[in-house]
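# Summary of the model geometry
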Amino acid sequence: MPAKVNLEKLKAESAAVGKFAIIGVIATLTHAIVASTLFEAGILSVVPSNVCGFLTAFAVSFSGHYFWSFSHLRQTGTALKSMTRFLLVSVAGFALNSTILTLWLTFTSWPELYGLWLAILIVPAFSFVGARLWAFAHPSAKF
């Protein structure tokens, strides 16, 4: 019986990783489209456009993760707590991304694009761990 339980946990966690990636791509595209559209249409300057893109992408990301990626952890009455925690994880991920890129640009002479890709590869893993183990985790969750 314990082996079956472990297999079920592994399946649920593996599914969560895949779902997290799909939602992450959708949220990233949402950010890019909203920010670019607002800026290119002359509605807002680049920084406010980027903030609007981030906030819109956050709504897409949180909704997708809460109702799909981590639905096996969801409990009644945890939405606001999860949203607040996930916002902190998201902001920390953005700060980590910016820090990695800044360090790359400051301390290496390698192409900037490599630093950007390094940040893009590292931050989603950090965000997944933060989301899974803290933002969407609750004491009496199934797993």
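The paragraphs below set out a description of the structure included in this document. (Residues numbered from 1 in each chain as written. Predicted model: local features only at pLDDT ≥ 70, side-chain atom pairs only at ≥ 80, totals over all residues. Heavy atoms only, no water.)

### Here we look at the overall build of the protein
The criterion, for reference: Where helices and strands are cited, they refer to DSSP runs of H or I of at least four residues and of E of at least two residues respectively, numbered from the N terminus. Throughout, exposure labels follow a simple rule: accessible area from a 1.4 Å probe, protein chains only, divided by the maximum for the residue type, with under 20% read as buried, over 50% as exposed, and the rest as partly exposed. Whether two residues are in contact is decided by their heavy atoms: any pair within 4.5 Å suffices. With residues, only the protein chains shown are counted as cover, and all accessible areas are computed by Shrake-Rupley using a 1.4 Å probe. We score Asp and Glu as negative and Lys and Arg as positive, and we do not count His or the chain ends. The atom standing in for a charge is NZ when the residue is Lys, CZ when it is Arg, CG when it is Asp and CD when it is Glu.
A count of helices and strands for the protein gives four helices and zero strands. Secondary structure of the protein in N-to-C order comes out as α-α-α-α. Each principal axis of the C-alpha distribution contributes one length, and for the protein these read about 55 × 35 × 20 Å. Evaluated residue by residue, the protein yields a buried proportion of 31% over its 143 residues. Across the protein, the fraction of contacts at a sequence separation of at least 24, relative to all contacts at a separation of at least 6, is 66%. Accessible area of the protein: about 8900 Å², with a carbon and sulfur share of 75%. Each charge class in the protein was averaged separately, 9 positive and 4 negative side chains, and the resulting centres sit 20 Å apart.

### A word on the pattern of salt bridges
Which entries qualify depends on this criterion: Each salt bridge in this description consists of a side-chain nitrogen of Lys or Arg and a carboxyl oxygen of Asp or Glu lying within 4 Å of one another.
Applying the stated criterion to the full structure yields one salt bridge. Salt-bridge contacts for glutamate 13 lead to arginine 132; the nearest nitrogen and oxygen are separated by 2.8 Å. In this pair, glutamate 13 is assigned in helix 1 (residues 2-40) and arginine 132 in helix 4 (residues 112-135), connecting sequence segments 119 residues apart. Under the relative-accessibility criterion, arginine 132 is labelled buried at 10%.

### Digging into the side chain of histidine 72
Operational definition: Polar contacts, as counted here, are pairs of nitrogen or oxygen atoms within 3.5 Å of one another; within protein the pair requires one atom able to donate a hydrogen and one able to accept it, and residues that are adjacent in sequence qualify only if both atoms are side-chain atoms.
Tracing the chain through its elements places histidine 72 in the loop between helix 2 (46-69) and helix 3 (79-107). With relative accessibility at 13%, the residue histidine 72 sits in the buried group. Of note is the side chain of histidine 72, whose polar atom sits 3.4 Å from the side chain of glutamate 13.

### Side note on the packing of helix 2 against helix 3
Applied cut-off: For helices, the fitted axis covers only the stretch in contact; all axes are lines through C-alpha atoms, and the angles between them, taken along N-to-C directions, range from 0 to 180 degrees. An angle below 35 degrees is read as roughly parallel, one above 145 as roughly antiparallel, one from 65 to 115 as roughly perpendicular, and any other as oblique. Put simply, a crossing is left-handed when the front helix is turned counterclockwise from the back one by less than a right angle, and right-handed when it is turned clockwise. Put simply, Ala, Val, Leu, Ile, Met, Phe, Trp, Tyr, Cys and Pro go in the nonpolar bin, Asp, Glu, Lys and Arg in the charged bin, and everything else, Gly too, in the polar bin.
Contact geometry for helix 2 and helix 3: axes closest at 11 Å, N-to-C directions at 125 degrees. Considering the angle they form, helix 2 stands oblique to helix 3. Pair helix 2 / helix 3 crosses with right-handed handedness. For the pair helix 2 and helix 3, contact is made by Phe54, Phe58, Ser61, Phe62, His65 and Tyr66 and by Ala79, Ser82, Met83, Phe86, Leu87, Ser90 and Val91, respectively. Its residues assigned to classes, the contact of helix 2 with helix 3 comprises nine nonpolar, four polar and no charged.

### Remarks on the nonpolar core
Rules: By nonpolar core is meant a set of buried Ala, Val, Leu, Ile, Met, Phe, Trp, Tyr and Cys residues that side-chain atoms within 4.5 Å join together.
Within the largest apolar cluster, 13 residues are counted, with the highest numbers of intra-cluster contacts made by Phe62, Phe70, Phe86, Ala131 and Phe136. Among the secondary structure elements, those contributing two or more residues to this core are helix 1, helix 2, helix 3 and helix 4. If near-sequence neighbours (up to four positions away) are discounted, alanine 131 is found in contact with Phe20, Phe70, Phe86, Val89, Phe136 and Ala137.

### Considering the layout of surface pockets
The probe, sized like a water molecule, is rolled over the atoms to show the empty space still left. The condition is simple: Here the term cavity refers to a set of points on a 1 Å grid, laid over the protein atoms alone, in which a 1.4 Å probe fits but cannot get out; the term pocket refers to an open set having protein on both sides within 12 Å along at least five of seven lines, with lining residues being those that place an atom within 4 Å of a point. Grid points are joined across faces, edges and corners, and a volume is the space filled by probe spheres set on the points.
Estimates place the volume of the largest pocket at around 910 Å³. Taken together, 26 residues line the largest pocket, and the ones lying closest to its centre are Gly24, Thr28, His31, Val123 and Pro124. For the lining of the largest pocket, the element with the most residues is helix 1, which contributes nine residues. Tallied by class, the residues present in the lining of the largest pocket amount to 16 nonpolar, 10 polar and no charged.

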